[in-house]
Amino acid sequence: MGTALVYHEDMTATRLLWDDPECEIECPERLTAALDGLRQRGLQQRCLCLTACEASEEELGMVHSPEYVALVRRTQTLDKEELQALSKQFDAVYFHPNTFHCARLAVGAALQLVDAVLTGAVHNGLALVRPPGHHSQKEAANGFCVFNNVAIAAKHAKQKYGLQRILIVDWDIHHGQGIQYIFDDDPSVLYFSWHRYEHGRFWPFLQESDAHAVGQGQGQGFTVNLPWNQFDPELVLVSAGFDSAIGDPEGRMRATPECFAHLTQLMQVLAGGRICAVLEGGYHLESLAQSVCMMVQTLLGDPTPPLLGLMVPCQSALESIQSVQTAQAPHWTSLQQNVAPVLGPSTRFPEGRSLPLLAENPTYEAAEAALSPLQGELCLRPTPPICTAVALAVPGAALALPPGVLLQEESALREETEAWARLHKSLFQDESLVALGKILCLLGGILDGQVRNGIAVTAALATAATVEVIIQRCLSHGAQRLLCVALGQLDRPLDLADDGVLWLNIRGKEAAVESMFHISTPLPQTTGGFLSCILGLVLPLAYGFQPDVVLMALGPAHGLQNAQAALLASVLRGPAGGRILAVVEEESILQLARTLAQVLLGEAPPSLGPFLMASPEEIRALRLLKAQLEPRWKLLQAAAPPPGSCSPIA
Ligand code: X5A
Ligand code: ZN
């Protein structure tokens, strides 16, 4: 049992009792729709289902004042007129006689989820709750939120388990100003929020939702944004609002359900995979249900469905990323001197000018209509019977493989194997021919959807030839785009003519762009350089290419540490629907094969260790590649430029 689902049906017992167009979207059906979706797709059955209990008043007191708790308690006995009058004292809030009970259950659910994850009963989980929490403050209800579920969960994780670094990722479309205020001066809780802002013209209309808000006092730099691993959290809490999803009447953005699978997967490389997600907003019932399913499916370890659409970031998003970097740079060594303009100053919107996003989005209704066909597709997506298979070159070689991994015993037909081997006359003989037979069979399983992903251990010196066979086999089997991330001494097969293969070689002395589909970069020696390379180069290229299959090939002298290989494999699970084959040379690296098997099964990669700034040469190499590749691979524009000097690229 890996994923907890915390719920109590009593949380459907609060609802709006009078007319209020702003508040009516926060309705009980949000929970029932999400739950029905999970049930219909068989996801609820795969979770450890926990029934929420009310949080105690002491637990509420970790964030809220006794006076405020007493005020909410009193709403149990008020009549409709009194409730309405009290609600008016707050912004976008309604009270119901059951509000106190529901809000305590919502907090209780978040706390139970943290307990389940931190005691190791589960890896991760989702609390399906209402009312939501992230707008609520010490002494105020706000934006449908009564008690701050996620903030109380973070305090609980600190107090009960002694955690020292907690990351809160808030992907609700609204800024969770409540969480921000509560942890404003607390460096142990890093609050990251992305939200619709419109230069202050989107609810909750606050200046402090902007990038320049970085926290106060000791907490400076612990509000808003940072690049991944340096904070190295022990727990990730997600304020999981789905009001940025396609069709949502409140957010009016267009995130597809698949986006939430990928967001979830990206979080999974942090904190050893300890993720506690708590529902916040999300007001289009069907879109909410699908998005919740995508998240839970990913928490359970299922592969992420490919992201469709144009892989081009929009200008205003690039501007936002840029201003966050500028604001955060003083507080993070990993961002220092990191203000090389991504955009020319002329492209900025002057404050006050009419902003394109404020206009009614003409494709909003069309987007909404597009939801229904999507749903059918979702149900049809098959889960392969085998998650991870490993083909070993030498049968029976020390099998310290994690449970759940299938050892590939079966081989391709002898004639077929020999036919492929003939391409490389002398290279496949005896043992390596046997290994090739198994690898071909494993690859066939991945291409046919029988196996999700795999590891192929090749005999000594056979890696390059094996990679070549794999590529040709994939292309002849109808794969249109194959991403090959090659490490160590592996050359791109010479007769690869078309754009069907994106070959990214991480090794060598020089960064070089042979073509838009043949790229070389040195392997960075620092953690900072390595992260910039993976997050700033490999990932945008991989998502931009939209491959059908990913090949990660570790050739001779690849130089990757196990934790680095694990992170790379982990992020490469994203772009091709999880179809990834890792090729590693020789049994001498069985520990590596084991580590790879663990992440391919869905476990979090181990920590990369202490953070070391990227070296000037590493930065220069990445900048050079970025500049040359950006015209074709637009997602590179969204990646943080590697830290370093601002000197322009020659
Ligand atoms: C939790 C949440 C939104 C309030 C919007 C008020 N609240 N216009 O999404
Ligand atoms: Zn929201």
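Topic: the coordination of the zinc ion (ligand 2)
So, point 1. The coordination sphere of the zinc ion (ligand 2), as far as protein atoms go, consists of D172 (OD), D172 (OD), H174 (ND1) and D243 (OD), spread over 1.9 to 2.7 Å.
So, point 2. Each donor residue of the zinc ion (ligand 2) belongs to the same chain, and together they define the spacing D-x1-H-x68-D. In this pair, D172 is assigned in the loop between β4 (166–170) and α7 (177–182) and D243 in the loop between β6 (235–240) and α8 (257–267), connecting sequence segments 71 residues apart. Across the pair, D243 and D172 agree in class, each one buried.

Regarding the site of ligand 1
So, point 1. Residues in contact with ligand 1 amount to 14 residues; listed here are only the nearest, E22, G143, H174, D243 and Y283.
So, point 2. Here Y283 contributes a side-chain N or O atom positioned 2.6 Å from an oxygen atom of ligand 1.
So, point 3. Burial of ligand 1 by the protein chains amounts to 98% of its free accessible area of 310 Å².
So, point 4. Here the shell around ligand 1 is composed, by residue class, of five nonpolar, five polar and four charged.

A short note on the pattern of salt bridges
So, point 1. Summed over the entire model, instances satisfying the criterion amount to 14 salt bridges.
So, point 2. One salt bridge connects K158 with D186, and the closest N-O pair in it is separated by 2.7 Å. With K158 in helix α6 (residues 149–161) and D186 in the loop between α7 and β5 (189–193), the pair connects residues that are 28 residues apart, well separated along the chain.
So, point 3. Residue classification places D186 among the buried residues on the basis of a relative accessible area of 12%.
So, point 4. Between R507 and D491 there is a salt bridge, with the nearest N and O atoms lying 3.0 Å from each other. Linking R507 in the loop between β12 (501–506) and β13 (512–515) with D491 in the loop between β11 (482–487) and β12, this pair joins segments that are 16 residues apart in sequence.
So, point 5. A relative accessible area of 56% places D491 in the exposed class.
So, point 6. Each of E54, E57, R73 and R104 takes part in one network of salt bridges that share partners.

Concerning the pairing of β13
So, point 1. Where β13 meets strand β14 (residues 518–521), three bridges bridge the pair, whose relative direction is antiparallel. Following the sheet pairing, A512 is matched in β14 by S520.
So, point 2. In sequence, β13 turns back onto β14 through a hairpin of two residues.

Focus: the confidence of the model for the protein
So, point 1. With 88% of its residues at a pLDDT of at least 70, the protein reaches an overall mean of 87.
So, point 2. Predicted confidence is poor over residues 644–650, with pLDDT under 50, and the contacts of this stretch with residues over four places away or in other chains come to 15 contacts.

Observations concerning the sheet that holds strand β16 (residues 580–585)
So, point 1. Spatially, β9-β8-β10-β16-β15-β11-β12-β14-β13 is the arrangement adopted by the nine strands of the open sheet, whose pairing is mixed. Whereas interior strands pair on both sides, the edge strands pair on one side only; in this sheet they are β9 (405–407) and β13. The sheet shows a mean angle of 15° between the axes of neighbouring strands, taken without regard to direction.
So, point 2. As paired elements, β11 and strand β15 (residues 549–554) share six bridges and run parallel to each other. Residue pairing in the sheet places V485 in a bridge with M552 of β15.
So, point 3. The sheet strands contacting helix α15 (residues 463–476) are β10 (451–458), β11, β12, β15 and β16, and the helix crosses β15 at an angle near 175°.

About the thresholds
- Residues numbered from 1 in each chain as written.
- Chains lettered and ligands numbered in written order.
- Predicted model: local features only at pLDDT ≥ 70, side-chain atom pairs only at ≥ 80, totals over all residues.
- Heavy atoms only, no water.
- Donors = N, O, S within 2.8 Å, 3.2 Å for Na, K, Ca; no water.
- Helix = DSSP H or I, 4+ residues; strand = E, 2+ residues; numbered from the N terminus.
- Buried < 20%, exposed > 50% of the residue type's maximum accessible area, 1.4 Å probe, protein only.
- Near = heavy atom within 4 Å.
- Polar contact = N/O pair within 3.5 Å; in protein donor to acceptor, adjacent residues only side chain to side chain.
- Areas by Shrake-Rupley, 256 points an atom, 1.4 Å probe, with all protein chains shown as cover.
- Nonpolar A, V, L, I, M, F, W, Y, C, P; charged D, E, K, R; others polar.
- Salt bridge = Lys/Arg side-chain N within 4 Å of Asp/Glu carboxyl O.
- Pairing = 2+ DSSP bridges.
- pLDDT = per-residue confidence, 0-100.
- Contact = heavy atoms within 4.5 Å.
- Axes fitted to C-alpha atoms, helices over the stretch in contact; angles between N-to-C directions.

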